[in-house]
Amino acid sequence: MPRLLLLACLAAAIAPSVAPAIARADDAVSAPTVACPQGVLMLHMLKPQTNPPYPGQLALFKAANPCVALDIAEVPFGQLADKIAVLAASGEPPDVIVYDGPNTQSYAAAGILLPLDPYLPAGVKDDIVAPTLAEHSYEGKLYSPGLQQTTLALFYNADMLAKAGITPPGRTLDQAWTWAQALDAFKKCQQGEGDNVTVWGLAPSRFGNGTPGFVYRDLPFLRTWGDPKAPPDSSVYKTYWAISPDGKTADGWLNTPEAIAGAQFFQDLFSVAKVTPKAGIPDAFQTGRACFTLDTSYFIAGLTNKDPGFKWGVAPMPYTRTPIVHTGSITLGVMAKSAHQEAAAKFVIAMSTGPIALDLARSTHILPVMKSLYPSLPELTQYPLNIFAEELNQWGHPRPPSAKFAQYDKIVTDALRDIAYGAAPKARLDAAVRSLRPILAR
Amino acid sequence: MIRRWVTIAAFIGPFLLLLAVFQYWPVVAMLRDSLYDFQLLDPSRRSFVGLGNYLDVLTDPDRLQAFAVTFSFAAGVVVTVIPTAFLLAVYLNGALPARALVRTIVFLPVVTSAVVIATMWTFLLEPNNGLVDGVLTAVGLPRLDFLTSESQALPSIVLMMLWQQTGFATVLFLSGLQAIPRELEDAASVDGASALQRLRHVTLPLLARTTMFVVVMMTVFSLQAFAPPLVMTGGGPDGTTNFLAYDIYSLAFSLQQPGLASAVSVIFMLIVLAISLLQMRLLRARWAY
Amino acid sequence: MSATRLARWIGGAAVLLAIIGFFLLPYVWIIASSFKPQTAIFADMKPLSWRTFIPAAPTMANLVSLFRERDAGRALLNSAIVSLCQVAGTLMLCTLAAYGLTRIRFPGAGLVFALVLLTFLLPLESLMVPLYITVSGLGLQDTLAGVFLPWIASPFGLFLLRQAFEELPRELDEAATIDGAGHFRIFWSIVLPNVRTALATLSLVTFLFSWNAFLWPLVVLSSPRHAVIQIAVAQSVAPGQMPNWGQTFAGVTVATVPLIILFLFLQRLFVRGIAMTGVKG
């Protein structure tokens, strides 16, 4: 009797795992039906939680393609890169992955992504906005049409600014504040002293788990001290780009004197002026615990759906020498080992173009990647979304491109976090460059 | 004769087979991987670097820091847990009515998973809203930065391990104390020994074996710590909590250098083996009475 | 009662309360906070009061969202399946192997035992990448079987059971052999029933280890469908996501309470098991 129990238990454990595996091997194409004479094709997709494509867009796809079904696996965003690395090496990777755009070069270089040029309809490639095209191309081939674009802007609590007697920042790009002006406003708006701050000047980052350092949000603090119009061998020029054009050196690009000055300003926000906290506070801006915050156009949807109870406004990103915002966002790609390359490619392209892309842009207020969609979205030329659209066109650059971006991202994020916590900027940036040297050079 | 070997194979075969597949083979694979440079994204594209990875480990300040941090963490845990657990065991040895209740409470963190403990303490140590901060403010003590400070992060994690592991060590010490025959203590008292002298000359020597065992266990647990850097600090600030288990994980998965991670693993494994064997040899020393 | 006696009694009570508080308050805070809305968790912290540890207006919202959005129910089920199967597998393999090494005399038994013990000292962190590649090669990645199968050949289990078996007198075996029993009959009917305590201890310790395991499940599993409860809990705190305090606390509570309940009922066995391994050495 006990023996039977043991065997039953083992069966119970293995069955849930084996059954789907067996099912998966055969379920790729199901039996033909009247509606789908070639059977229903199952595509497997890996995506991060709370990121697009959302059910709305997937439903539109299903309606237009009844003979394609989607099996979706979700992981938290922070584990996405690790999971992709592990799955790429395994025997059964998914057909489609949703991943962070700047990783396109490293995935393409490793040969795990499928080039999509053969599947693109005519004119699509020319329709893609420039930063997206640059970010998702490698050695002349396009690996992803892109899904959306996001930029950061400065949100402010209009009621609190009025109460503190601060003139709100301008709403056009030429009226953008400098970081010095922004810092003044943060200090004036902050309430509470020392250990008893009740309202922070600048909200903590919403990205990651609220710890500072995320390259997407915080590297521009350094890059804005650079100048792309300076002579190409000057440190000011190199500060703007933060990595060599071939993506193989950070020495002399990440740790320039200007970058160090930018890092010092960043550190002072936490330690000298103390206008922003070192640890995350959930929903700091919406609950009135911070006057300003840096966020994407997604944030607007949240503020309109759930009224925070105060008047708020949007202004362009502050700058020091040259305004800059990071572009690049979540995107879709087809895995090279997929057994259904054409169907997967069609799915990816459908998500990024036409009615489905329009639906995504309309419902979430993100910026589409297809230029032809902009005329259908008049809200992108009006306040507040026009700020994001114009930033994308005039100030937007991808995060420093490299075939080793994932490693660059981790090491620089850690360095910026440590600088926020008090590490000496020059020493810490030099250490980051030293850690990157063997990795980038390979 | 053959039947006998078939029987033997039937009994120990499955065990040894699984052990070979899931323990021995990965060790061999790890040794092989440490000689190559490749990415997890595309393992077939690998280049032979011989002892290059090992050289990197021995010359890279970040790797050396990970070793230093891990071993000082283990030392910190042993040095704080042993006296605390011993004192607690002595206290419990005398406190008859409350003993069962306290022993249960003290053992709760031991049965709680490392992830749950790390998660709890992330919030407990939150510098603005955590419980520890609340207690410090209520008592009027100065506020601390805990995990966001280079100097406080590692001690904070040591405190967390102390909280988790003390119960385990206490139970062991308690059993050891209760195994000491009363007659020995009484004989010492009759001879005029004070409480302190009894402690030094009777109790402690008889607990030597238990102490050694606790040291071994605490060392092994600490050297393998993974949840704290993953869940709480990401290895920082500035690498001060970059324990080896986490360093190996991030080298392999985030930094795409599994060959280097394997080299670190081999060195780590050899050190753990050496320490464990040394401690086990010391354990053999008998204290007969 | 004299003054010194009263003082000593108060001092003793204070020490007792301090010890209990140090170990118990974090649990109380976490569990109580899982029944509070996020704003209340922050508001009740300063000033420190009874409200910090008891929800003034308890709400089930966190638990509900935990089960609904994070699929905690499935994670608990997965954990239960993995743990029970790991216990079953460990018992099966280790009892057989321990019998083979102790009851059947053959040359090299000692050597085999030493080789097995050696693997006990191998840290998992070192092996996880090649182990993952091995498991993946067997097609077991992202399966529940892949989570427990590598561990059922447990050196600890072998060690524990070998000790227990060695204590059984050989005369029992000899008597059964004379009656015509083969090795398996002896194993099943004579040896096993006499080592019940060791089996219970091994089951408990294996269950504990399996339920609390984190690193290996993290590496081998990828889809949330197969997640075990420790993974589900960790995912709300790990970098990449702003933690929802209340929901995370609810997750912690759900992950820990089953084990605490099990522990409370089977304390003696747990404690004796741990102590047994220690004092005997």
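For the structure itself, look to the data block above.
Rules and cut-offs
Residues numbered from 1 in each chain as written. Chains lettered and ligands numbered in written order. Predicted model: local features only at pLDDT ≥ 70, side-chain atom pairs only at ≥ 80, totals over all residues. Heavy atoms only, no water. Helix = DSSP H or I, 4+ residues; strand = E, 2+ residues; numbered from the N terminus. Rg over C-alpha atoms; globule rule 2.2 N^0.38 Å. Buried < 20%, exposed > 50% of the residue type's maximum accessible area, 1.4 Å probe, protein only. Contact = heavy atoms within 4.5 Å. Pairing = 2+ DSSP bridges. Axes fitted to C-alpha atoms, helices over the stretch in contact; angles between N-to-C directions.

Undergrad: Please clarify how the overall build of chain A should be interpreted in this entry.
TA: A count of helical and extended segments in chain A gives 18 helices and 12 strands. Over its C-alpha trace chain A gives a radius of gyration of 24 Å, about what one expects of a compact globule, namely 22 Å for 442 residues. If you line up chain A on its principal axes, its C-alpha atoms span 70 × 60 × 50 Å. Burial status across chain A gives 58% buried among its 442 residues. Sequence-distant contacts, at least 24 apart, represent 74% of the contacts inside chain A between residues at least 6 apart.

Undergrad: Is there a simple way to explain the sheet that holds strand 11 (residues 330-334) of chain A in this structure?
TA: Think of a sheet as strands paired side by side through backbone hydrogen bonds, with each pair either parallel or antiparallel. All names here are of chain A. Here 4 strands make up an open sheet; going across it, the order is 2-1-3-11 and the pairing mixed. Each edge of the open sheet carries a strand with a single partner, namely strand 2 (68-75) and strand 11. Looking at each pair of strands side by side, their axes are set apart by 25° on average, direction ignored. In terms of strand pairing, strand 3 (residues 96-100) meets strand 11 through 5 bridges, oriented antiparallel. From the neighbouring strand, Tyr99 faces strand 11, where its bridge partner is Thr331. Across the sheet, helix 2 (residues 55-64) lies against strand 1 (41-48) and strand 2, angled at about 160° from strand 2, the strand it touches most.

Undergrad: Just checking my understanding: could you explain the environment of B:Glu126 for this structure?
TA: With respect to the element layout, B:Glu126 can be found in the loop between helix 5 (114-124) and helix 6 (131-139). In the structure, B:Glu126 is positioned 18 residues away from B:Leu144 in sequence and 9.5 Å away in space, judged by C-alpha atoms. For B:Glu126, the contacting residues outside a window of four places in its chain are A:Ala279, A:Gly280, B:Asp133 and C:Trp245.

Undergrad: Sorry, what's going on with the sheet that holds strand 6 (residues 153-157) of chain A here?
TA: Residues and elements named next belong to chain A. With respect to topology, 4 strands assemble into an open sheet ordered 7-8-6-9, the strand pairing being mixed. Only two strands of the sheet have a single neighbouring strand rather than two, namely strand 7 (200-202) and strand 9 (312-315). Strand-to-strand twist in this sheet, taken as the mean axis angle between neighbours without regard to direction, amounts to 25°. Across 2 bridges, strand 7 lies against strand 8 (residues 290-295) in parallel orientation. Residue Leu202 lies in a different strand from strand 8, and its bridge partner there is Phe292. Strand contacts of helix 16 (residues 385-394): strand 6, strand 8 and strand 9, with the helix running at about 155° to strand 6, the strand carrying the most contacts.

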